[in-house]
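Reading the structure
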Amino acid sequence: EDKKEIQTVNINRAKKDVYNQNMVVKDNLINNQYLSPFTALNFSFQTPIKSINLSKIKLFEDSIPLVKFKLSKDSVDFLRYKFDFPWEEDKRYNLRFETGAFVGFLGLESKPFDRKIMLAKKDNYGSLEVKITTEEPANYVLDLLNAQKLVIRSFYFSKDTTITVANFEEGKYFIRVVYDKNKNGIWDSGNLKRGIQAEHIWYNPKESSIRGNWERKEAIIIPKEERD
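So, here is what we can say about the structure in this document. The structure presented is a predicted model; accordingly, all values stated were derived computationally and were not measured.

**What about the sheet that holds strand S18 (residues 215-222)?**
Across the sheet, three strands lie side by side as S15-S12-S18; this open sheet has mixed pairing. Pairing within the sheet leaves two strands with one partner each, and these edge strands are strand S15 (161-169) and S18. Each strand axis lies, on average, 20° off the axis of its neighbour in the sheet, ignoring direction. Strand direction decides the pairing type here: strand S12 (residues 125-134) and S15, joined by seven bridges, are antiparallel. Across the sheet, the residue bridging to Ile132 is Thr161, located in S15.

**Digging into the pattern of salt bridges**
Enumeration over the complete set of coordinates arrives at ten salt bridges. Across the pair Lys91 and Glu88 runs a salt bridge, and its minimum N-O distance is 3.1 Å. Asp114 serves as the salt-bridge partner of Arg96, at 3.1 Å between the closest nitrogen and oxygen. One end of the pair, Arg96, is in strand S9 (residues 93-97); the other, Asp114, is in strand S11 (residues 113-119), and 18 residues separate them in sequence.

**Some points on the environment of Tyr173**
By the secondary structure assignment, Tyr173 is in the loop between S15 and strand S16 (174-179). On the accessibility criterion, Tyr173 (7% relative accessible area) is buried. In the structure, Tyr173 is positioned 37 residues away from Ile210 in sequence and 7.2 Å away in space, judged by C-alpha atoms. A polar side-chain atom of Tyr173 sits 2.6 Å from the main-chain carbonyl oxygen of Glu169.

**What to know about the packing of aromatic side chains**
Where two aromatic rings form a pair, the distance of their centres and the angle of their planes describe that pair. In total, this model carries 16 aromatic pairs according to the counting rule given. Measuring from ring centre to ring centre gives 5.1 Å for Phe43 and Phe97, while their planes differ by 65°; the resulting arrangement is edge-to-face. One end of the pair, Phe43, is in strand S3 (residues 41-45); the other, Phe97, is in strand S9, and 54 residues separate them in sequence. The pair Phe43 / Phe97 is uniform in exposure class, with both members buried. Linked through ring pairs, Phe43, Phe45, Phe69, Tyr81, Phe83, Phe85, Trp87, Tyr93, Phe97, Phe102 and Phe113 together constitute an aromatic cluster. Of note, Lys149 hangs over the ring of Phe174, and the distance from its end group to the ring centre comes to 4.8 Å. Note that Arg211 overlies the ring of Trp214, its terminal NZ or CZ placed 4.7 Å from the centroid.

**Regarding the pairing of S9**
Of all five residues in S9, four are buried; the element is thus mostly enclosed. Here five bridges tie S9 to S11, and the two strands are oriented antiparallel to one another. Residue pairing across strands places Tyr93 opposite Ile117, the latter belonging to S11.

**Things to note about the sheet that holds S11**
Pairing is mixed across the open sheet formed by five strands, whose spatial order is S2-S11-S9-S5-S6. In this open sheet, the two edge strands, each paired with only one partner strand, are strand S2 (34-35) and strand S6 (64-66).

**Some remarks on the side chain of Glu136**
Mapping Glu136 onto the fold places it in the loop between S12 and strand S13 (140-145). Among the polar contacts listed, one links the side chain of Glu136 to the backbone nitrogen of Glu225, at a separation of 3.1 Å. When residues no more than four places from it in sequence are discounted, the contact partners of Glu136 are Lys224, Glu225 and Arg227.

**Side note on unusual backbone geometry**
Notably, Asn167 is not glycine yet its phi reads approximately 55°, a positive angle. For Asn167, the location among the structural elements is in strand S15.

Procedures and definitions
- Residue positions are given per chain, counted from 1 along the sequence in the order it is written.
- Two thresholds apply to this predicted model, a pLDDT of at least 70 for residue-level local features and 80 or more for giving and counting side-chain atom pairs, whereas whole-chain, interface and lining totals are computed over all residues.
- Each side-chain value is worked out from all heavy atoms of the structure, with water and hydrogens disregarded.
- In this analysis, strands are considered paired if DSSP registers two or more bridges between them.
- Secondary structure is summarised from DSSP: a helix means a run of H or I of at least four residues, a strand means a run of E of at least two, and numbering begins at the N terminus for each.
- For helices, the axis comes from a line fit to the C-alpha atoms of the stretch in contact; other axes are also lines fit to C-alpha atoms, and the angle between any two N-to-C directions lies between 0 and 180 degrees.
- For this document, the term salt bridge refers to a Lys or Arg side-chain nitrogen within 4 Å of an Asp or Glu carboxyl oxygen.
- Throughout, exposure labels follow a simple rule: accessible area from a 1.4 Å probe, protein chains only, divided by the maximum for the residue type, with under 20% read as buried, over 50% as exposed, and the rest as partly exposed.
- Two N or O atoms form a polar contact when they lie within 3.5 Å of each other; inside protein one atom must be a possible hydrogen donor and the other a possible acceptor, and for residues adjacent in sequence the pair counts only when both atoms belong to side chains.
- Ring geometry is summarised as follows: Phe, Tyr and Trp rings, the Trp one being its six-membered ring, pair when their centres sit within 6.5 Å, and such pairs are stacked at plane angles under 30 degrees, edge-to-face over 60 and tilted between the two.
- Any Lys NZ or Arg CZ that is within 6 Å of a ring centre and within 35 degrees of that ring's normal is treated as a charge sitting over the ring.
- Any two residues having at least one pair of non-hydrogen atoms within 4.5 Å are treated as being in contact.

Encoded structure:
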């Protein structure tokens, strides 16, 4: 069997080098438009921000410019910023970041960024309370999955407990539980070379839908982990 030679190239950055890298800006809007009435508008970046030019950040209600907003760095996640403004229901806003509104430490500037924003209605949000009984003491991670089976919230526990998910958008949700043997708070896929098997997962067979303006209560029993 032919063997391919793998070449390793070390690249050192010179002071005059220019990188064509775009600054990625992510937000927590729902469907790129709706803001939960229970959370602040957040923006996240893939690189630390060196400076912010507030004159290049424009907020409008219809076509009327608004100035009473505040932008502040998150106290825990230094790559995230909170945009504070007294949003009102049934009003349409347009937020615009002009070129260079954010500048990274390597001189990387943000590109133009526009978002149409509406405050979601509180009646579209509900709560889920889950009473959990375990058949044996162990370390568990309960993941709440959305309809696309993406993890949106995780909870960690080792004995019987009750978990409350408050002010969540109505929709279909599912529960899975990881038997967290190494206590790292996530599911581990194992390591074949080291003979470490993937951590077991238990799926609640019932759908845990959340309805708007409603508090759902349910109980689950987590069975003993199946031994290989």
